[in-house]
Amino acid sequence: MTMHDTGAEAQPRPRRAFRLTSRVFWDMAIYMVGLGLAVGFVFPPFAVLLGVPETIADRPLFASACLVAGFLVGAMNYALCRGVVGGRMEVLGSHLRSATGVITSATSSGDWSAAVFERITVDSDDQIGEAGRAFNSLLGAVEGRKELEDRLRYQAFHDALTGLPNRALFMERMAEADLARRESGTPSAVLFLDVDNLKAANDSLGHEGGDALIRLLAERMVGSVRDTDTVARLSGDEFAILLTGPGSAHQAERVAHRILDSLRAPTRIGDHVVRTGLSIGLATSDACAASAISMLRAADLAMYAAKTGGKGRLEVFQPSHHTAQVQRDAVRADLSGALDAEQLELHYQPIVDVRTQVVVGFEALVRWRHPERGLVSPLEFIPLAEETGLIVPIGRWVVQEATRQAAVWQHRSPLGRLRMSVNVSVRQFHHPDLVGDVAEALRQSGLAPSLLTLEITESLFAHDTEETTRKIDQLKALGVRLALDDFGTGYSSLGYLRRFPIDTLKIDKSFIDGVTTGAEGHAVVAAITRLAQDLHLEVVAEGLETGDQVETLRALHCPLGQGYHFSRPLVPGDAVKLLLTGRRSEPAMLVPA
């Protein structure tokens, strides 16, 4: 009994291979010519049946003629088949050679973007036609890989949201521009664009609205440049534009102003009408070559100068920008160790009853006494602390030290209940440890919570209002007071005054400066004061510098004020002297708050 492998039986029998070689034609020649000779050999007997006289059919010459005729017919058939079949095989072979070369080149270089294939037109169902169809199927698989490679390459070098080139592709174009400058002197310029207040826009519009705003800005930029220029999105709120060729510096300035002008009018995003702006830095290849700094870095520094100088404007790179950045980097590096090195200290500016001139509290203001530079202005290091996140540990220390000092001073105050105000930045406010830090500072110091006022800015309300409400409620549950600092200069509306449990409004110095110089300034301060009184809020006027301002505020029934007219920010010893003697510091000793 013979055993069979059922698995082998289940597999289809392979078809006999079709040999696309010269042996095929050699075999064909043998078969066709041999068949012709065989026909010529057997033809004489059949010739008699066709009416050829037997005497002629039996002649050797007739037999030879039949053999020759059979050979010629076989040879002609062979030549005809070779011409037809060989031509079709040559077409197939040329396509195979071309495809092989393209695939080999693309595989070795890894770049399939230039790979182009030509398909075979199949017009038969024979084995050559089957081979053509198999070749076309192979090309389909290869072209699928090419399309995948193209798609992956596009995704690797383009921004998904806007379709613009991303940082990687922009840096390639920058390298090409730099090479052109060095080889042929072709100038170029870069614009670095940063969206102003994008986070606030995202919070008000939602992330979908924020994405729509980004796409709109990208369209405005692309519509403001030439086809030869490169517009790229570098990160969430940062864009860059590369311009090359003669006159690129002047062209870049025109492009920047066109973009800024296109954003001056309000923009509708969905159901919202928003105003947005861009801070733009411009750097040219010539200026950067002289300063030995990359164009993108130089444009970034110029953009930073534009943003700190008022936003929504263009700044052209100057060597001083680089110097200022080097100084900022040095300050940033020193600031990271200032807290541990106990270089930070608090100065206290009195908050005074405008009517009685009695000190009712202090605002704690952080200062940095650098071992080499002396007293560093907070205008210089506070923004850096915000950028780096150091504002959180610094703010925690300020709350701890201010509450400790306030508790020590309680028995020195003429009123017996001296209040302490502490500024809380937006970044510190949103830190998850804020409520715990305040509670711990109150516990350690023993200060009554009602004597601590946390000052927040109106920009806080441009963020997640649900989270803001939750945290404000937690702080109020501790018993502390909340003051709205720089009122009238930020994002808030009157609705926020009713929605959030604010205790105090602090009128910004910019309004106080005009209270005695014009009817409009006087009317603004009067309106804020009346509004606060109607809402049962306390009012503090900031930046009082003259006696006329104090008298005007007294006439407007503004209860509290602070400023250099009363005292500069004081070190703890001078603050105690002021409490005990009422003596103010000399104006010559004033330090910016």
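The rules behind each value
Residues numbered from 1 in each chain as written. Predicted model: local features only at pLDDT ≥ 70, side-chain atom pairs only at ≥ 80, totals over all residues. Heavy atoms only, no water. Helix = DSSP H or I, 4+ residues; strand = E, 2+ residues; numbered from the N terminus. Buried < 20%, exposed > 50% of the residue type's maximum accessible area, 1.4 Å probe, protein only. Contact = heavy atoms within 4.5 Å. 1 Å grid on protein atoms, 1.4 Å probe; cavity = no way out; pocket = protein on both sides within 12 Å on 5 of 7 lines; lining within 4 Å. Points joined across faces, edges and corners; volume = space filled by probe spheres on them. Nonpolar A, V, L, I, M, F, W, Y, C, P; charged D, E, K, R; others polar. Pairing = 2+ DSSP bridges. Axes fitted to C-alpha atoms, helices over the stretch in contact; angles between N-to-C directions. Phe/Tyr/Trp six-rings, centres within 6.5 Å; stacked < 30°, edge-to-face > 60°. Lys NZ or Arg CZ within 6 Å of the ring centre and 35° of its normal. Parallel < 35°, antiparallel > 145°, perpendicular 65-115°, else oblique. Left-handed = near helix turned anticlockwise from the far one by under 90°. pLDDT = per-residue confidence, 0-100.

Take the overall build of the chain next. Helix and strand counts for the chain come out as 21 helices and 16 strands. In the chain, which comprises 593 residues, the proportion classed as buried is 41%. Long-range pairs, those at least 24 residues apart, make up 67% of the contacts in the chain between residues at least 6 apart in sequence.

Gaps left between atoms show up when a probe the size of a water molecule is rolled over them. Across all of its chains, the model carries one cavity of 30 Å³ or more by this definition. Estimated volume of the largest cavity: approximately 110 Å³. Residue lining of the largest cavity: 14 residues in total, with Ile 351, Arg 419, Ser 421, Thr 453 and Glu 538 positioned closest to the centre. For the lining of the largest cavity, the elements supplying multiple residues, two or more each, are strand S9 (359-370), strand S11 (419-423), strand S12 (452-457), strand S14 (504-507) and strand S15 (538-541). Among the elements that line the lining of the largest cavity, the one with the most residues is S9, at three residues. Partitioning the lining of the largest cavity into residue classes produces six nonpolar, four polar and four charged.

A sheet is described by the order of its strands in space; here five strands give the open sequence S2-S3-S1-S6-S7, paired in mixed fashion. Strand pairing shows two members of the sheet lacking a second neighbour, strand S2 (230-233) and strand S7 (314-316), which therefore form its edges. Going across the sheet, the axis of each strand differs from the next one's by a mean of 20°, ignoring polarity. As defined by bridge partners, S2 adjoins strand S3 (residues 238-244) across four bridges and the pair is classed as antiparallel. Pairing of Thr 230 across the sheet is with Leu 242, part of S3. The strands touched by helix H10 (residues 295-308) within the sheet are strand S1 (188-195), S3, strand S6 (278-284) and S7, with S6 carrying the most contacts at an inclination of about 140°.

It is worth spelling out the packing of aromatic side chains at this point. Evaluated as defined, the whole model comprises four aromatic pairs. Ring centres of Tyr 348 and Trp 409 lie 4.9 Å apart, and the angle between their planes is 70°; on these two criteria the pair is classed as edge-to-face. Residue Tyr 348 is located in strand S8 (residues 344-353), and its partner Trp 409 is located in helix H13 (residues 391-409); the two are separated by 61 residues in the primary sequence. On the numbers, 5.8 Å between centres and 80° between planes, the contact of Trp 368 with Phe 381 is edge-to-face. Residue Trp 368 is located in strand S9, and its partner Phe 381 is located in helix H12 (residues 378-388); the two are separated by 13 residues in the primary sequence. Judged by relative accessible area, which is 0%, Phe 381 ranks as buried. Through a chain of ring-to-ring contacts, three or more aromatic side chains come together here, namely Tyr 348, Phe 362 and Trp 409. The lysine or arginine in question, Lys 471, covers the ring of Phe 429, its NZ or CZ lying 5.9 Å from the ring centre.

Glancing now at the pairing of S6. S6 sits mainly inside the fold: seven of its seven residues count as buried. Of the two faces of S6, both are covered, the one formed by Leu 278, Ile 280, Leu 282 and Thr 284 as well as the one formed by Ser 279, Gly 281 and Ala 283. Of the strand pairs in this sheet, S1 and S6 are connected by seven bridges, and their pairing is antiparallel. Paired with Ala 189 across the bridge in S6 is Thr 284. Pairing between S6 and S7: three bridges, direction parallel. Paired with Gly 281 across the strands is Glu 315, a residue of S7.

What follows covers the packing of H13 against helix H15 (residues 434-445). Two elements in contact, H13 and H15, have axes separated by 9 Å at closest approach and are oriented at 30°. If you check the angle between H13 and H15, you find them roughly parallel. Where H13 crosses over H15, the two elements pack in a sense that is right-handed. Within the contact between the two elements, H13 uses Arg 396, Val 399, Gln 400, Thr 403, Arg 404 and Ala 407 and H15 uses Asp 437, Val 438, Ala 441, Leu 442 and Ser 445.

This part covers the confidence of the model for the chain. Per-residue confidence for the chain averages 80 on the pLDDT scale, and 73% of its residues sit at or above 70. Throughout residues 13-20 the model reports pLDDT below 50, and contacts reaching past four residues in sequence, or to other chains, amount to eight contacts. Low confidence marks residues 584-593, where pLDDT is under 50. Its contacts with residues over four positions away, or in another chain, come to 22 contacts.

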